[in-house]
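Architecture and fold: a report
The lines below spell out each chain.
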Amino acid sequence: QVRLVESGGGVVQTGGSLRLSCATSGSTFSRYAMGWFRQAPGKEREFVALITWSSGYTLYTDSVKGRFTISRDNAKNTVYLQMNSLKPEDTAVYYCAADPRGLTRITTASWEYDYWGQGTQVTVSS
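Below or above, wherever it landed, is the structure these notes cover. (Residues numbered from 1 in each chain as written. Predicted model: local features only at pLDDT ≥ 70, side-chain atom pairs only at ≥ 80, totals over all residues. Heavy atoms only, no water.)

Our next topic: the overall build of the chain. Looking only at helices and strands, the chain has zero helices and 11 strands in total. Overall, the chain shows an N-to-C arrangement of helices and strands of β-β-β-β-β-β-β-β-β-β-β. Over its C-alpha trace the chain gives a radius of gyration of 13 Å, about what one expects of a compact globule, namely 14 Å for 126 residues. For the chain, the spread of C-alpha atoms along the three principal axes comes to 40 × 25 × 25 Å. Taking all 126 residues of the chain together, 43% fall into the buried category. Contacts in the chain between residues far apart in sequence, at least 24 positions, make up 58% of those at least 6 positions apart. For the chain, the accessible area works out to roughly 6,300 Å², and carbon and sulfur atoms hold 47% of it. If the 13 positive side-chain charges of the chain are averaged to one point and the 10 negative ones to another, these points end up 5 Å apart. (Helix = DSSP H or I, 4+ residues; strand = E, 2+ residues; numbered from the N terminus. Rg over C-alpha atoms; globule rule 2.2 N^0.38 Å. Buried < 20%, exposed > 50% of the residue type's maximum accessible area, 1.4 Å probe, protein only. Contact = heavy atoms within 4.5 Å. Areas by Shrake-Rupley, 256 points an atom, 1.4 Å probe, with all protein chains shown as cover. Lys, Arg positive; Asp, Glu negative; His and termini not counted. Charge placed at Lys NZ, Arg CZ, Asp CG, Glu CD.)

Rendered as structure tokens:
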């Protein structure tokens, strides 16, 4: 069983920065593709960013390109999301997720990710 635990959320003013972390258990973390998703009140969960197992490829939703950076440290079994120039519309619960078939595919579909963290709240005040 893979366990994911997010941290780093909080309240920040518009234009501020936060760094989310997602610590994972399990010896096969390095083989998983990892994604970040978010869900705002009253909205569906949406894709934010993903990174392949080797860190050789990253993908972002258009609304965060140039502001957010996803990275991973396979030695620490941890994936990060650096969020800069935050906007009120970035307010949401942020989830990290693991795709154990990430060696062979790249997907932004939330239902393709088997393992999820409990989420961390990010609130950006105007």
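What follows is about the nonpolar core. Met-34, Trp-36, Leu-81, Met-83 and Tyr-94 are the most contacted members of the largest nonpolar core, which totals 27 residues. Mapped onto this core, the elements with two or more residues apiece are strand S3 (18–24), strand S4 (33–39), strand S5 (46–51), strand S7 (68–73), strand S8 (78–83), strand S9 (92–99) and strand S11 (120–125). Considering every element that reaches this core, the biggest residue donor is S9, with four residues. If we skip the residues at most four places from it in the chain, Leu-81 touches Leu-18, Arg-19, Leu-20, Trp-36, Val-48, Ala-49, Phe-68, Thr-69, Ile-70 and Tyr-94. In terms of nonpolar packing, the next biggest core, distinct from the first, is built from five residues, Phe-37, Phe-47, Leu-50 and Ala-97 among them. (Core = buried A, V, L, I, M, F, W, Y, C linked by side-chain atoms within 4.5 Å.)

Inspection of every chain in the model, using the stated rule, returns seven salt bridges. Across the salt bridge formed by Glu-46 and Arg-38, the nearest N and O atoms sit 2.6 Å from each other. Within this structure, Arg-38, Glu-46, Arg-67 and Asp-90 form a network of salt bridges that share partners. (Salt bridge = Lys/Arg side-chain N within 4 Å of Asp/Glu carboxyl O.)

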